[in-house]
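Given next are the chains, with one letter for each unit.
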Amino acid sequence: MKSYWTEPPSARRAAKKPSALGTFAGVFTPSILTILGISLFLRTGFVVGNVGLAKALIIMGIATAVSVLTSISLAAIATNIEVKGGGDYYLISRTLGLEFGGAIGVVLFLAQSVSIAFYAIGLGEATAAIAGWESGLAVQVIAVAAVLLLFVLAWAGADVATRFQFVVRAILIAALLSFYLGAIASFDSSTLSRSWNSPSGAIGFWAVFAIFFPAVTGFTQGVSMSGDLKDPGRSLPTGTFAAVGLSTVVYLTVAVLLAGTVPLFLLVDDTGEAMRRVAIIGPLVGLGVIAATLSSAMASLLGGPRILQSLAADRVFPALGIFAKGYGPANNPRPATVVSLLIALVTIGLGSLNVIAPVVSMFFLLSYGLLNYATYYEARAGSPSFRPRFRWFDKRLSLAGALLCVGAMLAINPLASFVAVVIMFAVYQYLSRRDVPARWSDASHSHHFSRAVENIKALDREVEHPRHWRPQVLVFSADPDRRARMLQFASWLEGGSGFTAVFRIVEGEGALMRREAAQQQQALQGEIDELGLDILGRAVLAPDGMDALPVIVQSFGLGPLRANTVLFGWPESPGRARREMYVRAVRDVARLGVNVISMSTDDKGWARLQRVPVKKRRIDVWWDGGSSSRLALLGAYLASRTPEWSRATRRVVVPVNAGEDPEAVTGTVEAMLDEARITADVYPLLQPSRRRLVGACGDATLVLMPMRARGDQIIDPFGGDMTELVSHLPMTGGILAGTDIDLIAAPDSGEGAALAAAEDTADEAAERLRALERQLDEAELEVASLDEVGDADGGEALAEAERYLERTHRRTLSARARAEAARRVVDDLLGSDG
């Protein structure tokens, strides 16, 4: 037989686990026995009787489609990673991550535990019917007794339970053979034709589907036993597909045979009696019901606790740690089995099988939908590590399976679907907020990488606009204490609207320095983690730091995600060489069109800032109307988005020179602030000077002001040494804009608007050229026609036609030149944009 997946060498070399199960005993047997359970005997006739054979086959087809598509997804994941204990939970958690895994693990565990009661109640109904007991209490007593018996087998271990299932399989085969022989002998084609359509007065299609669907949920019972398998990567897909295929054939043939042997009016309320009457040996069908329900409940009692055990072993929920413990060579989850027992006993109190069925359907459909989505999620991420050995996998099939599960949930019971999703979402949110450390690799990294690449490409295709500007800050510092303050300062100026990266340049060459750079990288990352900031850190090795600086600034980032602002600290050394080097760095960065911010990081100024309560803080911005002042004002606004400055006030300090009207100057700035939608007080500084500035801003918490580079100095707004001025002020940031900052840019301004206008002009010029070319063709034809036939007016008409042709020709040449010029403008704009 041809294999549809390749066997890895590791699987052939793998050592056998103690008491490990193979494909037949570990996957196929529990799956097929669960699928061919109570719904086959008690509900197949009911389904046919209420919707007719045609719709019954559709119901079975939809249910089978869910099974097949989910099995394909299961095969893809199971043949891509090494599968351990936990079944579906393990597969989903190792693909979608801990949050989704933990949420679906809880849902799956509940679904399996509830299923124990589902099958036990079915057993009680069947046994009570055989015995002629009509009491609902009798059904519940039988169900409880069955669950307790199965609990004893589960407590003993999976190997004991598997031997029990072999006995069940023999009884089930005998029951089906008895039915098939009796049905074939009494089959009537006329009865079949009358059973094709649904009878009047029966319950609806989706209500019947909700009752029937639990029949096919057993195809994942083998998956739940993944930790007990010798080779899960091969056994899971092989055993699951075999169980789904054979069970589908059985359900379809039983439905057809019932429709051809029993009238619909007898099947409408059928609970298994029809199959017993048709079978050659009726009691065998009753035994088959009992055996199948016991086996199905046994499979759930084995699968559910192993999911809980895996959840506990992964430390998803700290309180569940006790359930990680296993006993014996097979690590039998006895504590978790007790929990499943208690849930089953409580659920039995619901009594009616039809009440429980929709709830079970929602839990399982939700888990199947997530399994399908998990496979699609990883395949779409395009990770090189996603290499499933299952050859028939296609991510579109997984997506179709996920959508089919969602559609079935909504069609069956929207309210139950909502409750199931809310439960899972609540668990997901709880885990998301717990900050649980990652314990394994999942597909989220590949997904985020893929999305990042797609988004960067999309951003790169967009036309740049002043409204798109965001602070993308690079921080350079060699001193850890100063660096921590600078990173905090950068996070304030970023205001959650951009990103910050910090670089540590390690000067030198050779192996020892490469090791030093690696150690600096670890130390830098440790500093960032301690600060708790969302900042990227990188230590780089370079022969010369000054030469490396502009290279790093230019090469950092991808596409539009590149540095537009660099943050330095004021030079602490008063030496001339150090000062010259600092000014050179500022000038080199600014010449690249990148903004430069120099921050004072002295201990005294920082300590003073930390002492000021948040509600009493104030940011002063020196305003001279230039780009540096606009960037300072924007930085002050963005800082107010952070908790540390959310209640601070902003003040714009405006110099009012001699001869200027203070009210007029103040009004102009207030109008600008209103247009820029930034709230701030305006403070006019009369007869501005350095002394007056220090007096006005001395009680501020933070001061932002423009600076310039001249010679070997950083110049303040008054032309003096900025370093000396800063020493008399609170914590100060000097700002040198490397590009224009537009605070009031309209959506229809900027390069995009210019390009749109240029394209409109080019289109109009092209249309004008086409119109003139048509006129030129007509004029040429007119001249040729007159010249050929002669001119009866002594040549006047021909002369006039030639003059018109000449005028049209000149106008066409002029229009062509304008059209070409307009197109060049468009091309230039597109070129600059690219």
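Presented here is a report on the structure given in the accompanying data block.

The rules we used
Residues numbered from 1 in each chain as written. Predicted model: local features only at pLDDT ≥ 70, side-chain atom pairs only at ≥ 80, totals over all residues. Heavy atoms only, no water. Patch = residues over 30% accessible without salt bridge, like charges linked within 9 Å, V, L, I, M, F, W, Y side chains within 5 Å. Areas by Shrake-Rupley, 256 points an atom, 1.4 Å probe, with all protein chains shown as cover. Salt bridge = Lys/Arg side-chain N within 4 Å of Asp/Glu carboxyl O. Lys, Arg positive; Asp, Glu negative; His and termini not counted. Charge placed at Lys NZ, Arg CZ, Asp CG, Glu CD. Helix = DSSP H or I, 4+ residues; strand = E, 2+ residues; numbered from the N terminus. Pairing = 2+ DSSP bridges. Right-handed = clockwise from strand over helix to strand, strands pointing away. Axes fitted to C-alpha atoms, helices over the stretch in contact; angles between N-to-C directions. Contact = heavy atoms within 4.5 Å. Buried < 20%, exposed > 50% of the residue type's maximum accessible area, 1.4 Å probe, protein only. Phe/Tyr/Trp six-rings, centres within 6.5 Å; stacked < 30°, edge-to-face > 60°. Lys NZ or Arg CZ within 6 Å of the ring centre and 35° of its normal.

Taken together, the side chains of R768, R807, R811 and R818 make up a positively charged region of the molecular surface. It is helix α30 (residues 796-833) that provides the largest number of residues to the positive patch, a total of 3 residues. Following the sequence through the fold, R768 ends up in helix α29 (residues 750-789).

Where strand β2 (residues 499-507) and strand β3 (residues 536-542) come together, 7 bridges link them in parallel fashion. Residue pairing in the sheet places V502 in a bridge with G537 of β3. A crossover links β2 with its parallel partner β3, the connecting element being helix α21 (residues 511-531), and its sense is right-handed.

On to the sheet that holds β2, then. Taking strand neighbours across the sheet as the criterion, the 10 strands line up as β3-β2-β1-β6-β7-β14-β11-β8-β9-β10 in an open arrangement whose pairing is mixed. Looking at which strands have only one partner, the edges of the open sheet turn out to be β3 and β10 (681-686). Taken pair by pair, the neighbouring strands of this sheet meet at an average axis angle of 25°, ignoring direction. Here strand β8 (residues 618-622) pairs with strand β11 (residues 702-706) via 3 bridges, running parallel. Looking at β11, one finds that D620 is bridged to V703. Here α21 sits on the sheet in contact with β2 and β3, set at roughly 165° to β3.

Our next topic: the pairing of strand β9 (residues 649-656). With 7 of its 8 residues buried, β9 lies for the most part within the structure. Taken together, β8, helix α25 (residues 627-639) and β9 constitute a β-α-β crossover, and its handedness is right-handed. Assessed by its sense of winding, the connection that carries the chain from β9 through helix α26 (residues 662-676) to β10 is right-handed.

This paragraph deals with the packing of aromatic side chains. Enumeration over the complete set of coordinates arrives at 19 aromatic pairs. Note on W492 and W606: the rings are 5.8 Å apart at their centroids and 10° apart in plane angle, and the pair reads as stacked. Of this pair, W492 sits in helix α20 (residues 480-494) while W606 sits in helix α24 (residues 603-611), and the two are 114 residues apart along the sequence. Taken individually, W492 and W606 each receive the classification buried, so the pair is uniform in this respect. Summarising the aromatic geometry, the rings of F499 and F556 are spaced 6.1 Å apart at their centres and angled 45° between planes, so their arrangement reads as tilted. Residue F499 is located in strand β2, and its partner F556 is located in the loop between α22 (545-555) and β4 (557-558); the two are separated by 57 residues in the primary sequence. With a relative accessible area of 16%, F556 lands in the buried category. Chaining the aromatic ring pairs together yields one cluster made of F476, F499, F503, F556, F568, W570 and Y582. Cation over ring: R43 sits above F46, and NZ or CZ is 5.6 Å from the ring centre.

Read these as spatial facts, not as claims about activity.
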